[in-house]
Amino acid sequence: MSRKTTEELLEESTDSETENNDDDDDDDDDDDADDDEVVSEPEDQCIMRDEVDGDEVESNSEDDLDNLSEIEISDKYFTSTGRVYVSKPPRISRRAAQNIVKEREGLRSEDEMLSLFRGRCPFKVFMKDKPGKYGILIRMLTDSKSRYVISMEPYAGKNKNAAQQTNSAAAVVKRLVHPINNSGRNVTTDRYYTSVDLAEDLWNNHKLTLVGTMQANRKHIPQELKEVSGRELYSSKFAFSDPDTGSVPITIVSYIPRDKPKRNLLMLSTQHYDDAIGAQSDPKKKTVINLYYNDTKGDVDTVDQMVRKYSTKRATRRWPVSIFYTLIDIAALNGYTTFILNFPDWNRKKPNQRRLYLHELGLKLVTPYIEERARNVTGLQKCVISAMEGIMKRKIKQTSGAKEVHGGKGRCHLCTRDCRSKTEKYNKVSKTTIICSVCKRYTCGKHSKKTVVCSICEDGCEESDV
């Protein structure tokens, strides 16, 4: 509305009032004075009045925002459980919630991992979306940036004893986040775990925020967000917890990702409390909550992929052994993550950095046992001794002369070579305990030579060797 049009309307209203009050001249003078003041009102004040009527407030004062915050909250959603939501992010709640948990660098992702196993197991599960499909389900909490596994819990079936701990989705999340309680970090979950009750419990009792997708049959979701008829493609509808009720600041968004068939994607967040949309150039108009979830949701799947690439697993029909192999792989991955964080320049330019780390880790674990076994290599084959020398990078000193091996017997390899049949071998060739110091094969007294040394000379030989 222009200034000229406003003056004309005000002058017309002034003329009409003057015609209705012709009998009182004094009153007419007062009314004319008041009308002159209205006509001379600045243009900004007229614009402010028009925009307040349209629920659009423009003011730079925080006091004005406090007074007009109720005008911004136009629509309210009521659920069957008694929850109240508003359609616009209230500004009062932002300043009132001073203890809101802020985003930190360390973000956590909670999801499921499948340890492949096809043998007999009372709690083996089938998951068609996982590679391998059959296995033992392991729920874990990982870091979203470093992929470090913080905690995990295998699924052992339903608890028949009521006194045992429950396996509900909320109870599992609470047990997994125990190491990061009261740290102010965010937890990202999928739709199986996300709920309004869990978000409130993590906020109040654990000082953690929650971001995740949510099933439509969960409690405390407004019906307006579930409806998809009449909505445009890539449109978003928000619902914010009413600040007047004193509840946890929760944001629920309904997003339409596809048109045929038209479905909505429900997401919950206590990390965000606004209706911000991502990049303006994005044709799908994804919300900030959606983009945040996409950046932090796939960490457990990444851990599963990394564990499968370099694994110690071998074919087995025993499920405890299968879980043991999985634990070794996860421990090696955590060790690699910790090592790289402390020594970021170690073999940085090499593409097989993790493989080199696992090779060094294996050598460090087996070297003490090889050193102990190298003290007595009696009975070992040449290839085994050669492999031990390659790992220790030194020659193994071997004792000379034939020596009796107590506790083990075998037939002389020279006598059995002259036998014509197996019957003659087992009937005529007796067993012996003497083994050749060179070829490490059993040799009888007939085909071996013994050196007789007295005790004094034996002591002198040992001193010279030292």
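Quick caveat: nothing in here was measured; it's all calculated off a predicted structure. (Residues numbered from 1 in each chain as written. Predicted model: local features only at pLDDT ≥ 70, side-chain atom pairs only at ≥ 80, totals over all residues. Heavy atoms only, no water.)

Caption draft 1: A look at the confidence of the model for the protein. Chain-level pLDDT for the protein is 77 on average; 75% of the residues reach the 70-or-more range. When the criterion is pLDDT under 50, residues 16-74 qualifies, and its contacts beyond four places in sequence or with other chains add up to 35 contacts. Within the model, the stretch residues 92-106 combines pLDDT values under 50 with 27 contacts to residues more than four positions away or in other chains. (pLDDT = per-residue confidence, 0-100. Contact = heavy atoms within 4.5 Å.)

Caption draft 2: Spotlight on the nonpolar core. Within the largest apolar cluster, 27 residues are counted, with the highest numbers of intra-cluster contacts made by Val-177, Val-196, Leu-202, Leu-210, Ile-252 and Leu-268. Those elements that place two or more of their residues in this core are helix H6 (169-176), helix H7 (196-205), strand E8 (209-214) and strand E11 (263-269). Top contributing element to this core by residue count: H7, with five residues. Residues within four places of Val-196 in sequence aside, it is in contact with Arg-83, Tyr-85, Met-214, Lys-219, His-220, Ile-250, Ile-252 and Leu-268. In this structure, Ile-138, Met-140, Val-149 and Tyr-357 belong to the second largest nonpolar core, which totals twelve residues. (Core = buried A, V, L, I, M, F, W, Y, C linked by side-chain atoms within 4.5 Å. Buried < 20%, exposed > 50% of the residue type's maximum accessible area, 1.4 Å probe, protein only. Helix = DSSP H or I, 4+ residues; strand = E, 2+ residues; numbered from the N terminus.)

Caption draft 3: Inspection of unusual backbone geometry at higher detail. Here the amide bond leading from Lys-260 into Pro-261 is cis, since omega sits at -10°, within 30 degrees of zero. You can see Pro-261 is positioned in the loop between strand E10 (251-258) and E11. With a phi angle near 55°, Lys-207 is a residue other than glycine that sits in the positive phi range. Along the chain, the position of Lys-207 falls in the loop between H7 and E8. The partly exposed category is assigned to Lys-207, whose relative accessible area is 40%. Even without being glycine, Tyr-234 reaches a positive phi, approximately 65°. Residue position: Tyr-234 is located in the loop between helix H8 (223-226) and strand E9 (236-241). We classify Tyr-234 as partly exposed; its relative accessible area is 23%.

Caption draft 4: Focus on the layout of surface pockets. As a volume, the largest pocket reaches approximately 1,200 Å³. Around the largest pocket, the lining comprises 36 residues; the ones closest to its centre are Asp-129, Asp-190, Arg-191, Thr-213 and Tyr-293. Mapped by element, the contributors of at least two residues to the lining of the largest pocket are strand E3 (107-116), strand E5 (134-143), strand E7 (186-189), E8, E10, E11 and helix H9 (288-296). (1 Å grid on protein atoms, 1.4 Å probe; cavity = no way out; pocket = protein on both sides within 12 Å on 5 of 7 lines; lining within 4 Å. Points joined across faces, edges and corners; volume = space filled by probe spheres on them.)

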